[in-house]
Amino acid sequence: MTGAAHDFGFDHVPETDQSFENALAKARAGERLTVDDGVELITTGTDREGIDAERKELVLEAADRRRAEMVGDDVTFVANLNNNVTTACNTGCLFCNFKNTAHLFEADSDADHGGFTKTPAESRDIVADAVEMGVYEVTSVSGLHPALVLDGEHREILEAYDNPAAEVNYKPPEAYDTDPASYAEQLSAMSVDGAHVHSMTPEEAHHAKRGTDWSYEEVYRRLADAGLASAPGTAAEILVPEVREVICPGKIGTDEWVAGMEGAMQAGLDVTATIMYGHVETEKHRVLHLDVIRDLQDRYGGITEFVPLSFIHQNTPLYDRGLVTGGASDDEDELMVAVARLYLDNVDHIQSSWVKFGNAKALKLLNCGADDLMGTILSEEITKRAGGGFGEFRSFDDYVDMITAIGRRPVERSTDYRTRRPLDPDDGPHGPTLGPRADGTPLLDGRRDPATADD
Ligand SMILES: C[S@@+](CC[C@H](N)C(=O)[O-])C[C@H]1O[C@@H](n2cnc3c(N)ncnc32)[C@H](O)[C@@H]1O
Ligand SMILES: Nc1c(NC[C@H](O)[C@H](O)[C@H](O)CO)[nH]c(=O)[nH]c1=O
Ligand SMILES: N[C@@H](Cc1ccc(O)cc1)C(=O)O
Ligand code: SF4
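Residues numbered from 1 in each chain as written. Chains lettered and ligands numbered in written order. Predicted model: local features only at pLDDT ≥ 70, side-chain atom pairs only at ≥ 80, totals over all residues. Heavy atoms only, no water.

## With respect to the layout of surface pockets
Approximately 190 Å³ is the volume found for the second largest pocket. If you go around the second largest pocket, you meet 15 residues; those closest to its centre are Phe311, Ile312, Gln314, Lys356 and Phe390. Broken down by element, the residue count for the lining of the second largest pocket peaks at three residues, all from helix α15 (residues 354–365). Looking at the lining of the second largest pocket, its residues break down into five nonpolar, seven polar and three charged. (1 Å grid on protein atoms, 1.4 Å probe; cavity = no way out; pocket = protein on both sides within 12 Å on 5 of 7 lines; lining within 4 Å. Points joined across faces, edges and corners; volume = space filled by probe spheres on them. Helix = DSSP H or I, 4+ residues; strand = E, 2+ residues; numbered from the N terminus. Nonpolar A, V, L, I, M, F, W, Y, C, P; charged D, E, K, R; others polar.)

## Section: the packing of aromatic side chains
For the structure on display, the rule yields three aromatic pairs. Between Phe77 and Tyr399, the aromatic rings sit 4.0 Å apart at their centres with planes inclined by 5 degrees, giving stacked as the arrangement. Of this pair, Phe77 sits in strand β1 (residues 74–78) while Tyr399 sits in helix α17 (residues 396–405), placing them 322 residues apart in sequence. There is no split in this pair, since Phe77 and Tyr399 are both buried. A cation over a ring is seen here: Arg222 above Trp214, with NZ or CZ 4.2 Å from the ring centre. Its end group placed over the ring of Trp354, Arg394 keeps NZ or CZ at 3.8 Å from the ring centre. (Phe/Tyr/Trp six-rings, centres within 6.5 Å; stacked < 30°, edge-to-face > 60°. Buried < 20%, exposed > 50% of the residue type's maximum accessible area, 1.4 Å probe, protein only. Lys NZ or Arg CZ within 6 Å of the ring centre and 35° of its normal.)

## Details of the sheet that holds β1
Read from one edge of the open sheet, four strands run β9-β1-β10-β11, paired in mixed fashion. Looking at strand neighbours, the two that pair on one side only are β9 (372–375) and β11 (420–422), the edges of this open sheet. Adjacent strand axes in the sheet meet at a mean angle of 25 degrees when their direction is disregarded. Bridge analysis of β1 against strand β10 (residues 409–413) gives four bridges, and the strand direction is parallel. Bridge pairing links Thr76 to Val411 in β10. (Pairing = 2+ DSSP bridges. Axes fitted to C-alpha atoms, helices over the stretch in contact; angles between N-to-C directions.)

## Some remarks on the sheet that holds strand β7 (residues 303–310)
Ordered in space as β2-β3-β4-β5-β6-β7-β8, the seven strands form an open sheet in which the pairing is parallel. Taken across any chain shown, the strands that pair with only one partner, and hence form the sheet edges, are β2 (80–82) and β8 (349–350). Two elements, strand β4 (residues 196–199) and strand β5 (residues 228–231), share two bridges in a ladder whose sense is parallel. From the neighbouring strand, Val197 faces β5, where its bridge partner is Leu228.

## Focus: the domain arrangement of the chain
According to the domain assignment, the chain consists of domain 1 (20–69) and domain 2 (70–422). Distance from the C-alpha centre of domain 1 to the C-alpha centre of domain 2: 29 Å. Of the residues lining the interface, 22 residues belong to domain 1; the matching set on domain 2 comes to 31 residues. Taken together, both faces of the contact between domain 1 and domain 2 bury some 2,300 Å²; the carbon and sulfur share is 64%. Looking only at domain 1, the three residues that lose the most surface to domain 2 are Arg32, Ile42 and Arg67, adding up to 33% of its buried area. Viewed at the interface, domain 2 and domain 1 are joined by five salt bridges. Here Asp331 ties to Lys56 by a salt bridge, and the two come within 2.8 Å at their closest N and O atoms. The interface formed by domain 1 and domain 2 includes 12 residue pairs in polar contact (both at pLDDT 80 or more). (Domains from an automatic or database assignment. Contact = heavy atoms within 4.5 Å. Buried area = accessible area lost by both parts, 1.4 Å probe. Salt bridge = Lys/Arg side-chain N within 4 Å of Asp/Glu carboxyl O. Polar contact = N/O pair within 3.5 Å; in protein donor to acceptor, adjacent residues only side chain to side chain.)

## Section: the site of ligand 4
As a structural note, the neighbourhood of ligand 4 is formed by Cys89, Thr91, Gly92, Cys93, Phe95, Cys96, Phe98, Lys99 and Lys251. When grouped by side-chain class, the residues that make up the shell around ligand 4 number five nonpolar, two polar and two charged. (Near = heavy atom within 4 Å.)

Pasting the structure below:
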């Protein structure tokens, strides 16, 4: 178990008929693992209490070797920014401190909530500045603002309900201080100057189809037409119902999350997949989650990377209410990454998220099965608001220094990993070259100073 402070009476507990040795032998031989195999590896054996240090090293070693066989020694990263549109959200997930209750954003509220809503024009300016600096991708994940709709047709459908606020979580933009407009308008604004827009989690897609009978495929097709290029597989958390009931009872269920991802892939989009672990779940839940992802990838093949997101606990309701005492330990983070690499034999890339782990651990995880070191992001709100303290930006020179320090080759990648550019450590200073306006100038080097720019 992790920092869980209670016995939640879960059905899924880490007990198996498999042995650690058998599971390790299968992992080393590259055989497909069962859930029981995964549980043995991630617990370093259910025959012993706690983590066994020697066995852990064997699991990490097997994962590191598998990583080298599958994708080689390069470490990739992307020149990106985060541009989240709004923090207004009534879903109430207990692990999240990104959101603010939506009524605080209403025009007649004078509450000081510290959150934000951006208009499409503001989003466009933020992304345009970053593209001008050489950024390739914008990652955008947002709260489920009641005024946000897919497009004009969606707004008409929602407005035709007798009581849209109660029936379909819709309130008109006039009710709010700032109008977020529609997803289509936001995506179109963010695709400015050829930026790759990575946005619309299955939870957001669900919000973008509420009150209609549209399929996820149809929704993602409309979003793609508006400028969406790929979708983040967050909102996954732990894809096991008994855990979702505790940490995010207001969120879509496991089957709906899978349906959302399928719809995105049917619409021709690449997606990522994530796990948010280290709270109330057991090791068995983590492996069951990996099984859902592997099965989805077997059927559709569009998952470009898997991102283990270690729970940041400090400012969250789960911690405040005493449901957890902390997040995952270092051992648990290492084993999560390693078992993800070994279990997901059909997903090429495992991301080590420096914003969740910090530099030292993020680098260590590149020797435990991970091969990607996220992106430059420029700003960050989810982890920061939850109490994480690892900063909001890494420059290309930071990346080159860190990756060469562990004896690996730094490679700038596109979001889909299909385009890559190795960086020569001896030929600095380094900057992005893949973005539509990138020419190798270091990021934030003042090619265009956002503070003084007037257009
Ligand atoms: C904040 S939501 C925004 C997008 C959208 N509202 C949704 O839920 O899909 C994006 C993801 O951030 C992650 N997240 C939120 N709070 C976190 C925390 N305290 N620690 C780690 N990850 C967190 C969760 O995995 C969540 O699905
Ligand atoms: N933006 C954050 C990421 N991932 C960033 C990448 O943009 C993305 O995964 C990729 O480019 C798609 O292939 N990961 C985090 O943990 N936190 C972020 O804020
Ligand atoms: N922004 C998310 C993480 C994320 C976004 C996009 C991805 O494809 C993967 C992960 C967070 O910080 O929690
Ligand atoms: S995780 Fe997403 S849906 Fe849940 S409260 Fe936070 S912003 Fe809202």
